[in-house]
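# Residue-level structural notes
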Amino acid sequence: MPQPTIRKKIIRRLVDPELLNRLAHLHPVLRRVYAARRVAGPEELDYGLAGLPSPWLLSGMERLVDHLAEAIDAGRRILIVADYDADGATSCAVALLGLRMLGAEEVEFLVPNRFEDGYGLTPEIVAQAAPRKPDVLITVDNGISSLEGVAAAKQRGWTVLVTDHHLPGALLPDADAIVNPSLPADTFPSKSLAGVGVMFYVLLGLRARLRENGWFQRKGIAEPNLAQLLDLVALGTVADVVPLDKVNRILVHQGLQRIRAGQCRPGIRALLEVAGKSLANLTTAELGFRVAPRLNAAGRLDDMALGIKCLLAEDMAEARELAALLDAFNRERRGIEDKMKAEALSHLRSGRLYASAEDELALCLFDESWHQGVIGILASRVKDRLHRPVIAFAPGNDDLLKGSARSIAGIHIRDALSVVAARHPGLIERYGGHAMAAGLSVRRERYWDFVAAFRDAVAEHAEGLDLSHVVHTDGALESVELCLSFAEDLRAAGPWGQNFPEPVFDGEFAVLQARVVGEKHLKLVLAVEGGRPLDAIAFHVDTPTAWLGQEKLRIAYRLDVNEFRDVRGLQLLIDYLEPCG
């Protein structure tokens with residue numbers, strides 16, 4: 001029988017014995033799971049809001065909230081300029097709702113169109129904003145690289161406030177205030193806030209400043225409970241795949257708690273409905289893989305203003321109508337993605353672009369027919385398959401190619417682009433991003449020059465890095481731990497996410513049954529020696545029929561709670577499988 005897949009290395013995560021001792025009060029499996037994620041003690045697992053650091057630790061916060069407080073007090077017009085992804089959409093909704101809760105009367109938003117306007121606060125967006133006659137312009141999830149756009153807004157006499165989390169370049173925009181934890185001199189304890197987390201912190205600081213100024217007392221209004229916005233903060237944080245450090249775990253945990261209790265925006269409830277997910281048992285994975293793609297689909301294929309309107313909807317009828325539209329966009333996006341992925345893999349197999357993709361340290365892919373709204377997903381899919389940094393390009397405007405980059409642990413993709421830009425001035429028209437993801441523009445005629453320069457830059461960053469296929473696990477489970485109650489305990493032990501991954505275990509199982517479902521998925525019934533039968537499923541298997549007839553498998557898997565017709569049961573979600581023997 002032919003081998004059905006390329007074998008990967010299964011490596012069990014290392015555990016520090018000292019950390020194990022500090023977590024002695026926990027279940028033995030949870031002890032090793034948390035210790036492998038460098039949890040130093042029980043205090044790091046306390047996700048109460050009191051554990052959030054002060055907003056005043058963010059540099060620029062004092063100046064920024066003073067400008068906002070003055071604008072609210074004077075009744076000035078405030079315009080929010082958002083990004084067109086899920087983080088940008090949730091940041092925009094949090095900014096608009098929060099400012100209104102704090103007493104701002106004239107607040108609007110403007111979001112660039114991915115295909116017409118490009119990314120961030122550009123001079124063109126400033127021109128679009130001009131008819132609205134704003135007094136104050138505040139960016140959310142963008143602006144740190146918008147030197148020209150900020151200058152154009154300042155020339156019109158507007159106050160410009162930048163809130164962002166992306167890495168800054170050598171020069172900062174000449175804004176009236178900037179809040180960004182990624183600024184080199186910033187002392188905020190978390191460098192991993194998403195754009196929506198930064199905006200939530202701005203609102204915390206603004207509420208404190210308005211309290212000091214006697215604003216609420218003078219207006220006779222109660223101080224708002226900003227925790228009402230944490231459902232949106234959780235969604236944006238998970239969607240942007242930022243590392244779940246202690247601060248982000250608090251924000252996501254608190255947001256999930258509100259959603260599970262039904263205390264969430266109608267738009268989030270409606271998006272969960274069309275995704276077929278319940279509120280009560282929602283996980284970060286479902287938030288990231290079920291809700292976020294539907295919200296993102298608006299910005300990828302049409303206009304993210306539709307996604308923002310869904311999040312801002314005040315009644316379920318409007319929210320459901322918009323969620324249905326976003327769901328339709330998402331189905332269209334999946335069809336485009338499948339086609340582009342097949343074309344990319346065909347390019348790689350043919351050797352037209354690379355003699356052997358697995359021998360390359362970095363890959364650049366381009367096709368004239370590709371959709372620039374989907375190239376980020378394509379880059380992510382190819383990166384996951386080959387464990388290499390990948391940039392996918394699609395045609396843009398004005399003879400530009402738009403690229404979306406995705407990277408792997410150990411190779412900082414924005415730093416690699418910075419090296420290219422420094423060594424080859426003018427080769428990259430524009431770029432920005434962070435460690436794992438970035439966007440850029442390159443002139444069509446300079447594409448192959450860029451490919452060569454990018455390969456060289458990544459080669460330097462990848463020196464000494466193991467680029468082999470690796471699956472990291474938390475070891476084996478005893479048969480008694482393969483049960484529904486323990487799966488629920490693991491679910492409750494989160495939130496899990498980027499840099500705080502959901503527990504993955506490995507082991508050898510006998511195959512009792514195997515069948516292909518939905519053309520791409522492998523449904524199995526497995527058993528360990530002396531154990532009962534276990535339902536298992538592997539999604540998106542390249543050649544699922546090749547696995548039929550296997551008698552024994554070694555798998556890396558997660559414990560999942562499967563809900564079907566109101567019946568809850570244990571299911572193993574298979575991340576990787578290989579034949580035994």
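Rules and cut-offs
Residues numbered from 1 in each chain as written. Predicted model: local features only at pLDDT ≥ 70, side-chain atom pairs only at ≥ 80, totals over all residues. Heavy atoms only, no water. Salt bridge = Lys/Arg side-chain N within 4 Å of Asp/Glu carboxyl O. Helix = DSSP H or I, 4+ residues; strand = E, 2+ residues; numbered from the N terminus. Buried < 20%, exposed > 50% of the residue type's maximum accessible area, 1.4 Å probe, protein only. Axes fitted to C-alpha atoms, helices over the stretch in contact; angles between N-to-C directions. Parallel < 35°, antiparallel > 145°, perpendicular 65-115°, else oblique. Left-handed = near helix turned anticlockwise from the far one by under 90°. Contact = heavy atoms within 4.5 Å. Nonpolar A, V, L, I, M, F, W, Y, C, P; charged D, E, K, R; others polar. Pairing = 2+ DSSP bridges. Arc of directions from axis to C-beta. Core = buried A, V, L, I, M, F, W, Y, C linked by side-chain atoms within 4.5 Å.

What follows deals with the pattern of salt bridges. The full count for this structure, using the stated rule, is 35 salt bridges. The salt bridge partner of R211 is E223, with a shortest N-O separation of 2.9 Å. Here the residue R211 occupies a position in helix α7 (residues 195–212), and E223 occupies one in the loop between α8 (215–219) and α9 (230–239), the gap between them amounting to twelve residues. The exposure class assigned to R211 is partly exposed, which follows from its relative accessible area of 42%.

This part is about the packing of helix α4 (residues 86–101) against α9. Contact geometry for α4 and α9: axes closest at 8 Å, N-to-C directions at 160°. Here α4 is positioned roughly antiparallel relative to α9, judged by the angle of their axes. Where α4 crosses over α9, the handedness of that crossing is left-handed. Together, A86, D87, T90, A93, V94 and L97 of α4 and L232, V233, L235, G236 and A239 of α9 make up the contact between the two elements. Its residues assigned to classes, the contact of α4 with α9 shows eight nonpolar, two polar and one charged.

This part takes up the sheet that holds strand β13 (residues 505–517). Pairing is mixed in the closed barrel, where five strands are placed in the order β13-β14-β15-β17-β16. Across the sheet, the axes of successive neighbouring strands diverge by a mean angle of 45°, strand direction being ignored. Two strands pair when backbone bridges link them, and β13 and strand β16 (residues 552–564) are joined in this way by six bridges, in the antiparallel orientation. Within β16, the position partnered with D506 by the bridge is A556. On the sheet, helix α18 (residues 484–492) packs against β13, β16 and β17 (567–579) and is oriented at approximately 80° with respect to β16.

For helix α16 (residues 413–423), the complete set of buried residues consists of I413, R414, A416, L417 and V420. Taken down its axis, α16 places every buried residue within 155° of arc, on the same side. On its buried face, α16 is in contact with β8 (390–395), β9 (400–406), β10 (428–433), β11 (437–443) and α17 (447–461).

Glancing now at the nonpolar core. Counting residues in hydrophobic clusters, the biggest one holds 150 residues, and the most contacted among them are I80, L99, L482, L559 and L572. Non-local contacts of I80, meaning those with residues more than four positions away in its chain, are made with C92, A95, L96, L99, V107, E108, F109, L110, I138 and V140. Core analysis: the next-biggest nonpolar cluster, separate from the first, contains 27 residues, I391, L427, L440 and Y447 among them.

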